[in-house]
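# Architecture and fold: a report
Take a look at the letters that make up each chain.
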Amino acid sequence: MGAALIDGKAFAAGLRGRVADAVPAFAAAAGRAPGLAVVLVGEDPASAVYVRSKGRAVEEAGMAGFEHRLPADTTQADLLALVATLNADPAVDGILVQLPLPPQIAEDAVIAAIDPDKDVDGFHVVNAGRLATGQAGFVPCTPLGCLMLLQDRLGSLKGLEAVVIGRSNIVGKPMAAMLTQADCTVTIAHSRTRDLPGIVRRADIVVAAVGRAEMVRAEWIKPGATVIDVGINRIDAGAGKTKLVGDVAYSEVVDVAGAITPVPGGVGPMTIACLLRNTLVAACRRAGLAAPE
Ligand code: NDP
């Protein structure tokens with residue numbers, strides 16, 4: 001029997017629709033649309049694609065987008081000055097600095113300079129601390145999207161065994177914190193973990209955020225488990241072509257899991273939808289209005 005497909009594309013479209021539906025009421029109460037500033041430094045082609053699609057999504061949601069494109073040789077001081085301007089701009093509710101940054105700029109210093117209440121990416125240490133201590137803040141968009149898909153599929157996550165493979169600050173660690181908050185029993189695995197297959201086999205929920213094509217195999221999966229594949233890996237598809245695959249060997253895991261996200265069309269579309277949701281929440285909090293769930 002095949003696993004149920006978790007359709008992140010459809011869920012993300014619904015979430016984007018709900019955010020867009022809430023924008024007119026915000027605008028009527030606040031006298032302006034929620035605003036997101038996106039900063040791109042340099043010409044990295046993948047980053048340029050992300051920034052373009054974020055800009056389009058902001059526009060479609062009826063929000064105000066402020067795009068800042070800076071040359072690759074921008075100094076850290078110049079970027080920090082722009083961040084300070086955006087922090088002080090009342091029309092800007094969310095600030096997103098697209099990573100990676102060129103080598104002359106320290107990413108940590110830039111993230112630390114963003115007002116935590118405008119940090120819609122949830123990367124600031126203040127927001128990491130708020131998440132770790134269960135306080136309201138902003139959580140990173142990709143793991144937030146994973147949590148929404150899990151709750152939509154499973155309802156309450158209480159008491160479930162979750163294994164998160166990967167411990168990055170933007171996916172693995174915040175994912176584990178959110179699952180802990182949702183009352184799962186959480187194990188974080190990483191490159192030094194012993195017997196990864198044995199640990200993953202315990203899990204009711206597996207979140208793979210590694211960056212290794214099709215690493216998670218069918219024998220690792222407990223029958224019926226829910227599998228969330230965050231990985232995005234481009235591999236050779238023969239005949240001079242490439243294709244995108246996740247960190248999970250989808251074609252075999254689909255026969256064992258209870259439900260699984262595809263790549264593409266699973267977690268990927270949730271990231272931008274959650275960015276819009278975080279921007280609306282930031283706008284509501286700053287305007288003293290009730291934030292949506
Ligand atoms: P990082 O490279 O920052 O982290 C990868 C993690 O995987 C590390 O903690 C690393 O362990 C662990 N790891 C590496 N090799 C192994 C292994 N053999 N066994 C177990 N663990 C291992 O990646 P990110 O967290 O930024 O991203 C992970 C994946 O998710 C990537 O494919 C990325 O493209 C994708 N991604 C997708 C997004 C989306 O929107 N869908 C958004 C963000 C990322 P250690 O700490 O020990 O080095």
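Please read these numbers as outputs of a predicted model, since none were measured by experiment. Each chain has its residues counted from 1, following the order in which its sequence is written. With the structure being a predicted model, the display of local features is reserved for residues of pLDDT at least 70 and the display and counting of side-chain atom pairs for 80 or more, all residues being used for whole-chain, interface and lining totals.

## Concerning the overall build of the protein
The line we're drawing: The numbering of helices and of strands both runs from the N terminus, where a helix is a DSSP run of H or I of at least 4 residues and a strand a run of E of at least 2. Each residue is classified by how many other C-beta atoms fall within 10 Å of its C-beta atom, where C-beta atoms are placed from the backbone; a count of 20 or more means buried, 12 or fewer means exposed, and values in between mean partly exposed. Once C-beta atoms are placed from the backbone, any two residues with those atoms within 7 Å are in contact.
Looking only at helices and strands, the protein features 10 helices and 11 strands. By principal-axis analysis of the C-alpha atoms, the protein measures approximately 55 × 45 × 35 Å. Every one of the 293 residues in the protein was classed for burial, and the buried ones make up 43%. Relative to all contacts within the protein whose residues are 6 or more apart in sequence, the contacts with residues 24 or more apart total 67%.

## Things to note about the packing of helix α6 (residues 141–154) against helix α7 (residues 172–181)
The test is simple: Angles shown run from 0 to 180 degrees and are taken between the N-to-C directions of axes, each axis being a line fitted to C-alpha atoms and, for helices, limited to the stretch in contact. For a crossing to be left-handed, the near helix must be turned anticlockwise from the far one by less than a right angle; the clockwise case is right-handed. Under this grouping Gly is polar, as are all residues other than the nonpolar Ala, Val, Leu, Ile, Met, Phe, Trp, Tyr, Cys and Pro and the charged Asp, Glu, Lys and Arg.
In contact at an axis separation of 8 Å, α6 and α7 are set at 35 degrees when each is read in the N-to-C sense. Handedness of the crossing formed by α6 with α7: right-handed. Here P143, C146 and L147 of α6 lie close against α7, whose contacting residues are P174, M175 and M178. Its residues assigned to classes, the contact of α6 with α7 shows 6 nonpolar, no polar and no charged.

## Observations regarding the site of the ligand
Threshold: A molecule or strand has a residue near it when that residue's C-beta atom, placed from backbone coordinates, lies within 6 Å of it.
The immediate surroundings of the ligand are formed by 25 residues, with G166, S168, H190, S191 and G211 found nearest. Residue classes in the shell around the ligand are distributed as 10 nonpolar, 12 polar and 3 charged.

## A short note on the packing of helix α1 (residues 8–30) against helix α10 (residues 268–287)
The criterion, for reference: Under this scheme an angle from 65 to 115 degrees is roughly perpendicular, one under 35 degrees roughly parallel, and one over 145 degrees roughly antiparallel; angles in between are oblique.
Across the interface, α1 lies against α10 with an axial gap of 9 Å and an inter-helix angle of 20 degrees. Relative to α10, α1 is oriented roughly parallel. Crossing hand, α1 versus α10: left-handed. Touching G8, K9, F11, A12, L15, R16, V19, A22, F26, A29 and A30 of α1 are G268, P269, M270, A273, L276, R277, L280, A283, C284 and A287, all from α10. Looking at side-chain class alone, the contact of α1 with α10 contains 16 nonpolar, 2 polar and 3 charged residues.

## Digging into the pairing of strand β7 (residues 205–208)
Residues in a regular strand point their side chains to alternate faces of the sheet. Which entries qualify depends on this criterion: In this description, strands pair whenever DSSP reports at least two bridges between them.
Burial along β7 is two-sided: I205 and V207 and V206 and A208, pointing in opposite directions, are all buried. Across 4 bridges, the pairing between β7 and strand β8 (residues 226–229) is parallel. Each residue of the ladder has a partner; that of A208, found in β8, is D229.

## Considerations on the sheet that holds β7
Pairing within the open sheet is parallel, and its 6 strands lie in the order β1-β11-β8-β7-β5-β6. With partners counted over all chains shown, the strands left at the sheet margins are β1 (4–5) and β6 (185–189), one partner each. Examined bridge by bridge, strand β5 (residues 161–165) and β6 share 5 bridges and lie parallel to one another. By the bridge assignment for β6, E161 is matched with T185. Relative to β8, α6 is tilted by about 155 degrees, and along the sheet it contacts β7, β8 and β11 (259–260).

## Some words on the sheet that holds strand β4 (residues 94–97)
With parallel pairing, 3 strands are arranged side by side in an open sheet as β3-β2-β4. Because the sheet does not close on itself, it has two edges, and the strands there are β3 (64–70) and β4. Between one strand axis and the next, the sheet turns through 15 degrees on average, direction left out of account. As paired strands, strand β2 (residues 35–41) and β3 are joined by 7 bridges and run parallel to one another. Bridging from a neighbouring strand, V39 pairs with H68 of β3. Helix-sheet contacts for helix α3 (residues 76–88) involve β2, β3 and β4, and the interaxial angle to β2 is about 175 degrees.

## Things to note about the domain arrangement of the protein
What counts here: In this entry, domain limits derive from an automatic or database-based domain assignment.
Along its sequence, the protein is organised into domain 1 (30–116) and domain 2 (141–269). Computed over C-alpha atoms only, the centres of domain 1 and domain 2 are separated by 29 Å.

## Structural notes on the nonpolar core
Where we set the bar: The term nonpolar core refers to a set of buried Ala, Val, Leu, Ile, Met, Phe, Trp, Tyr and Cys residues connected through C-beta atoms within 7 Å.
Formed by 92 residues in total, the largest nonpolar core has its most connected members in V164, V206, V207 and V253. A total of 11 residues in this core trace back to one element, the largest contributor, which is α10. Split by domain, the residues of this core number at least three in each of domain 1 (30–116) and domain 2 (141–269). When sequence neighbours within four positions are dropped, the list of residues in contact with V164 reads G172, M175, A176, L179, V186, I188, A189, V207 and A209.

## Brief notes about the UniProt feature "domain: Tetrahydrofolate dehydrogenase/cyclohydrolase catalytic" (unreviewed entry) in the protein
For clarity, the cut-off: UniProt positions are given in the numbering used here, feature names are shortened, and annotations may be inferred rather than shown by experiment.
Within this structure's numbering, the places UniProt gives as "domain: Tetrahydrofolate dehydrogenase/cyclohydrolase catalytic" (unreviewed entry) are residues 6–121. Spanning residues 6–121, this segment combines 51% helix with 16% strand, and its end C-alpha atoms are found 24 Å apart.

## Regarding α1
The cut-off we apply is this: Expected span of a helix, by definition, is 1.5 Å for each gap between consecutive residues, and there is one gap fewer than residues. Across the chain, bend at a residue is computed as the angle between axes fitted to the seven residues ending at that point and the seven starting from it.
In a regular helix each residue adds 1.5 Å, so 23 residues correspond to 33 Å; α1 covers 32 Å between its end C-alpha atoms and thus fits that length. If you look at α1, its biggest bend is around 25 degrees, right at V23, and the proline P24 turns up within four residues after that. Buried within α1 are the following residues: G8, F11, A12, L15, R16, V19 and F26. Buried positions along α1 lie against α2 (45–60), α6 and α10. G31 sits one or two residues past α1 and shows a positive phi near 80 degrees.

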